[in-house]
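# Summary of structural features
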Amino acid sequence: MKFLNASNDKLTDTIIKAAKSHGAALAGIANVAVLKHSPSHRIYGKMSHHAWVLSRDRNHEKKLGEIEWPEGARSAVVIAIAHEADKPDLDWWDGHQGTKGNRILIKIINTLAQWVEQELNINTHPLPYHVERGGIFLKDAAVMAGLGCIGKNNLLVTPEFGPRVRLRAMLLDAELAPNGPMDFNPCEDCDAPCMQICPRNAFSRVICSPGEMDIADLPGRNGCYSRTLCNIQMEKDIKNADVIKTSGDHEPYALIKYCRRCEITCRAGK
Ligand code: B12
């Protein structure tokens, strides 16, 4: 526990270094008190629940519209791994509990949490992917942790990999110096091929306004992103899944390749 009396800045650097040595491509710290008031965490209680795209198994769910922040949590560690276009299998839902990429993220967060508890004597709360199971909104957390900005495609866009990243987080019972947000806006002069390529026209019209939601930062930046239309494509991708037959007595499984067009076509990070 050689870092006990380290300053908050030093602790932040130490944890980011540790996250990268555990395999994270990007890592940053966000402040929980600020995050609680981020656009997604504020809009969570305002959107009608039928609009929610929820996890399939509803057993472990928390009350919709409410985030249960752990009592002592003061900081969020947000990590990202690259999901470049030439490694599509990282994002395929392959019948083994999610995707290869998500399993890598889970491993990094769990080993990092152990290291932080042992070396820094700081209590950690590794978070699940689904918000309704106790997770937080990862894109907002990533912006506040200095990993990038929300693009016109409604995704976190990073300088290094554009939006071709996947995120995971854990909370810490310690107040650390946050790293974000960063001054970065690659969409400013971009003609947004990400919005034009969407097979569902999920960016074609403004569906919620700042006045209506009392929030300036909306889905797709100006409220033009439709999760309902996007989800229709995701359901279609599930229907079009390849059924993979395995040797031995393993059950065949569906290999789901989700759309990703608004993500892959983005020029940032290329
Ligand atoms: C539910 C969910 C879905 C749903 C609904 C998505 C939605 N955005 O509503 C569906 C199934 C449709 C979906 C689709 C996809 N998803 Co998804 N999804 C999630 C999940 C679990 C929660 C997201 C959510 O509901 N957010 C709440 C809604 C209301 O917020 P929002 O639409 O993002 O809008 C907010 C932001 O834009 C923000 N904002 C706007 N401007 C600004 C400015 C600042 C400074 C800040 C702080 C915030 C901010 O404010 C808006 C609210 O007012 C997250 C994981 C997580 N726990 O966060 C993954 C996640 C967002 N998904 C991800 C991905 C990759 C996808 C897909 C590309 C998958 C695919 N089809 O190929 C698509 C792309 C959709 C898109 N372009 O946004 C990744 C995104 C990675 C990245 N680079 O950002 C995540 C983070 C998962 C992960 N582990 O990495 N998803």
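Residues numbered from 1 in each chain as written. Predicted model: local features only at pLDDT ≥ 70, side-chain atom pairs only at ≥ 80, totals over all residues. Heavy atoms only, no water.

It is worth spelling out the pairing of strand S2 (residues 75-82) at this point. By the criterion of burial, S2 is predominantly enclosed, with seven of the eight residues buried. The sheet contact formed by strand S1 (residues 26-31) and S2 spans six bridges and is antiparallel. Bridged to Leu 26 within S2 is Ala 80. Bridge analysis of S2 against strand S6 (residues 165-172) gives eight bridges, and the strand direction is antiparallel. Each residue of the ladder has a partner; that of Ala 82, found in S6, is Val 165. (Buried < 20%, exposed > 50% of the residue type's maximum accessible area, 1.4 Å probe, protein only. Helix = DSSP H or I, 4+ residues; strand = E, 2+ residues; numbered from the N terminus. Pairing = 2+ DSSP bridges.)

This next bit is on the site of the ligand. Residues in close proximity to the ligand total 36 residues, the closest being Lys 139, Asn 154, Leu 156, Asp 217 and Arg 227. Here Leu 138 contributes a backbone N or O atom positioned 2.9 Å from an oxygen atom of the ligand. Interatomic distance of 2.8 Å between a backbone N/O atom of Leu 167 and an oxygen atom of the ligand. Elements with a contribution of two residues or more to the shell around the ligand: helix H3 (39-43), helix H5 (138-144), S6, helix H8 (227-239) and helix H9 (261-264). Residue composition of the shell around the ligand, by class: 25 nonpolar, four polar and seven charged. (Near = heavy atom within 4 Å. Polar contact = N/O pair within 3.5 Å; in protein donor to acceptor, adjacent residues only side chain to side chain. Nonpolar A, V, L, I, M, F, W, Y, C, P; charged D, E, K, R; others polar.)

This next bit is on H8. With 13 residues, H8 extends 18 Å between its outermost C-alpha atoms, agreeing within 8% with the 18 Å of an ideal straight helix rising 1.5 Å per residue. Close packing links the buried residues of H8 with H9. (Expected span 1.5 Å × (residues − 1). Contact = heavy atoms within 4.5 Å.)

Let's shift gears to the environment of Gly 28. By the secondary structure assignment, Gly 28 is in strand S1. Counting along the chain gives 51 residues from Gly 28 to Ile 79, while the straight-line C-alpha distance between them is 6.7 Å.

This paragraph deals with unusual backbone geometry. Of the consecutive residues Gly 180 and Pro 181, the connecting peptide bond is found in the cis state with omega at -10°. Turning to its location among the elements, Pro 181 is positioned in the loop between S6 and helix H6 (193-196). Of note, the phi angle at Asn 154 is positive, near 70°, even though the residue is not glycine. Tracing the chain through its elements places Asn 154 in the loop between strand S4 (149-150) and strand S5 (156-157). Backbone geometry places Arg 260, a non-glycine residue, at a positive phi of 65°. By the secondary structure assignment, Arg 260 is in the loop between strand S8 (253-255) and H9. You can call Arg 260 buried: its relative accessible area is 13%.

Time to look at the pattern of salt bridges. Going through the model one piece at a time under the given rule, you end up with nine salt bridges. The shortest N-O distance in the salt bridge between Arg 164 and Glu 84 comes to 3.3 Å. With Arg 164 in the loop between S5 and S6 and Glu 84 in the loop between S2 and helix H4 (100-120), the pair connects residues that are 80 residues apart, well separated along the chain. We note a salt bridge from Arg 260 to Asp 91, for which the minimum N-O separation is 3.9 Å. In this pair, Arg 260 sits in the loop between S8 and H9 while Asp 91 sits in the loop between S2 and H4, placing the two residues 169 residues apart along the sequence. Connected through shared salt-bridge partners, Asp 91, Arg 166, Arg 260 and Glu 263 make up one network. (Salt bridge = Lys/Arg side-chain N within 4 Å of Asp/Glu carboxyl O.)

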